[in-house]
Amino acid sequence: MTGIEIALVILASGYVAGGAYDRFKKARRERRQAQEKALSGPEPVCGCRHHLAYHDTRDGRCYAAVKDKRAKGDGEAVEPRQCPCRQYAGPEPLATLYAPELADTAGERPKPLNAAE
């Protein structure tokens with residue numbers, strides 16, 4: 001083999017090895033992203049396609065703005081309005097812990113622990 005043929009073989013093998021390495025990196029990245037998505041759980045998205053953050057925690061109403069196309073005269077105008085969703089219906093997030101106040105201490109100073117009563 002001549003020097004040119006050897007150089008071409010080296011270049012071709014480098015090209016093939018580089019492509020295989022790129023495919024390997026891409027497959028590894030996709031697998032890692034799939035694992036991270038599986039571990040994070042489902043997104044808290046309601047049936048109205050809005051996130052849980054747009055819903056009130058007490059009554060469940062959705063406060064996201066929805067663009068509504070309504071005909072106005074000769075053209076169509078986009079008017080924002082409130083989402084008609086009335087209750088969150090997506091996946092339940094982890095339980096939110098709420099601890100109510102034990103005593104009403106509004107306006108009172110706390111007593112020291114070693115104070116005599």
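Conventions we followed
Residues numbered from 1 in each chain as written. Predicted model: local features only at pLDDT ≥ 70, side-chain atom pairs only at ≥ 80, totals over all residues. Heavy atoms only, no water. Helix = DSSP H or I, 4+ residues; strand = E, 2+ residues; numbered from the N terminus. Buried < 20%, exposed > 50% of the residue type's maximum accessible area, 1.4 Å probe, protein only. Contact = heavy atoms within 4.5 Å. Areas by Shrake-Rupley, 256 points an atom, 1.4 Å probe, with all protein chains shown as cover. Disulfide = S-S within 2.5 Å. Patch = residues over 30% accessible without salt bridge, like charges linked within 9 Å, V, L, I, M, F, W, Y side chains within 5 Å. Salt bridge = Lys/Arg side-chain N within 4 Å of Asp/Glu carboxyl O. Lys, Arg positive; Asp, Glu negative; His and termini not counted. Charge placed at Lys NZ, Arg CZ, Asp CG, Glu CD. pLDDT = per-residue confidence, 0-100. Polar contact = N/O pair within 3.5 Å; in protein donor to acceptor, adjacent residues only side chain to side chain.

A. Local environment of the overall build of the protein. If you tally the helices and strands in the protein, you get one helix and two strands. Counted from the first residue to the last, the protein has its helices and strands arranged as α-β-β. Expressed as a percentage of the 117 residues in the protein, the buried residues total 11%. Partitioning the contacts of the protein with sequence separation of at least 6, the portion at a separation of at least 24 is 35%. Total accessible area computed for the protein in this model is approximately 11,000 Å², and 57% of it derives from carbon and sulfur atoms.

B. Highlighting the state of the cysteines. Applying the stated criterion to the full structure yields zero disulfides. Cys62 forms no disulfide, and the closest cysteine sulfur to it belongs to Cys83, at a distance of 3.8 Å. Looking at Cys62, the relative accessible area reads 0%, which means it is buried. Distance from the sulfur of Cys85, which forms no disulfide, to the nearest cysteine sulfur (Cys46) is 3.8 Å. A residue is classified by how much of its surface remains accessible, and Cys85, at 13% relative accessible area, is buried.

C. Quick peek at a positive patch on the surface. Together, Lys25, Lys26, Arg28, Arg29, Arg31 and Arg32 give the surface a local cluster of positive charge. Tracing the backbone through its elements, the reader meets Arg31 in helix α1 (residues 3-40).

D. Fine view of the confidence of the model for the protein. For the protein, the average pLDDT comes to 79, and 72% of its residues sit at 70 or higher. For the protein, strand β1 (residues 65-72) is the element with the lowest average pLDDT, namely 69, and α1 is the one with the highest, namely 90.

E. Quick look at the side chain of His55. By the secondary structure assignment, His55 is in the loop between α1 and β1. At 3.1 Å, the side chain of His55 and the backbone oxygen of His51 are in polar contact.

F. Expanded view of a nonpolar patch on the surface. A surface patch of nonpolar side chains, about 430 Å² in accessible area, is lined by Met1, Ile6, Val9 and Ile10. Classification of Ile10 as exposed rests on a relative accessible area of 54%.

G. The arrangement of the side chain of His50 in detail. By secondary structure assignment, the location of His50 is in the loop between α1 and β1. Among the residues examined, His50 registers a relative accessible area of 16% and is labelled buried. Discounting chain neighbours no more than four positions away, the residues touching His50 are Pro44, Val45, His55, Cys62, Ala64, Val66 and Cys83.

H. Summary view of the environment of Pro80. Along the polypeptide, Pro80 turns up in strand β2 (residues 75-82). A residue is classified by how much of its surface remains accessible, and Pro80, at 64% relative accessible area, is exposed. Sequence separation between Pro80 and Val66 is 14 residues, and the spatial gap between their C-alpha atoms is 5.4 Å.

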